[in-house]
Amino acid sequence: MSDCGSGDDCREACKRLFGYLDGVLTVEQAAEFEAHLKRCGRCADAHEAERRLLAAIKSSEADSTDLALRRRILAALRSTTLPSAPPSG
Ligand SMILES: [Zn+2]
C-alpha cells in the first residue's frame, strides 16, 4: 500500500499524508507536504492514490450506513503507514 520512498523526507511525508487528506495539518505542515510532492514522484503518486480512495469512500458516505466498514478501511490504511495504531476506544 505504501509506496513512499525510504528517505527521511519521504517518511515524514508519508506520516503527514493522512493528516493532509483529513485537513488536520497546520498551514505550514501542509505547505511542506505539498512542496515534497512537487519534488518526489513516489509520494505524489501515493498521495494521488490515497486521495482518490478517500474521495471514493466519501462519495459513498452519503447514502451508505456502512460507517463501521469505512472506519475499518481507514484504520487498516493507517496501520500500514504508521508504526503503531493508536488504541481505539
Ligand atoms: Zn517522497
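### Some words on the overall build of the chain
When helices and strands are tallied, the chain shows four helices and zero strands. Starting at the N terminus and ending at the C terminus, the chain contains elements arranged as α-α-α-α. Out of the 89 residues belonging to the chain, those deemed buried represent 11%. Across the chain, the fraction of contacts at a sequence separation of at least 24, relative to all contacts at a separation of at least 6, is 56%.

### Focus on the nonpolar core
In this structure, Ala13, Cys14, Leu17, Tyr20, Phe33, Cys43 and Ala46 together form the largest nonpolar core, which totals seven residues. Every element with two or more residues in this core is listed here: helix H1 (8-22) and helix H3 (41-59). Counting residues per element, this core draws most heavily on H1, which supplies four residues.

### Some details on the confidence of the model for the chain
Across the chain, the average pLDDT comes to 81, with 76% of residues at 70 or higher. Here helix H4 (residues 67-81) stands out as the element of the chain with the lowest mean pLDDT, 76, in contrast to helix H2 (residues 27-39), whose mean of 95 is the highest.

### Notes on the packing of H1 against H3
Contact geometry of H1 with H3 gives a least axis separation of 10 Å together with a crossing angle of 20°. Comparing the axis directions of H1 and H3 gives the class roughly parallel. Seen along the crossing, H1 lies across H3 with a hand that is right-handed. Contacts from Cys10, Ala13, Leu17 and Leu21 of H1 reach H3 at Arg42, Cys43, Ala46, His47, Glu50, Arg51 and Leu54. Its residues placed into classes, the contact of H1 with H3 shows seven nonpolar, one polar and three charged.

Parameters at a glance
Residues numbered from 1 in each chain as written. Predicted model: local features only at pLDDT ≥ 70, side-chain atom pairs only at ≥ 80, totals over all residues. Helix = DSSP H or I, 4+ residues; strand = E, 2+ residues; numbered from the N terminus. Buried ≥ 20, exposed ≤ 12 C-beta atoms within 10 Å, placed from the backbone. Contact = placed C-beta atoms within 7 Å. Core = buried A, V, L, I, M, F, W, Y, C linked by C-beta atoms within 7 Å. pLDDT = per-residue confidence, 0-100. Axes fitted to C-alpha atoms, helices over the stretch in contact; angles between N-to-C directions. Parallel < 35°, antiparallel > 145°, perpendicular 65-115°, else oblique. Left-handed = near helix turned anticlockwise from the far one by under 90°. Nonpolar A, V, L, I, M, F, W, Y, C, P; charged D, E, K, R; others polar.

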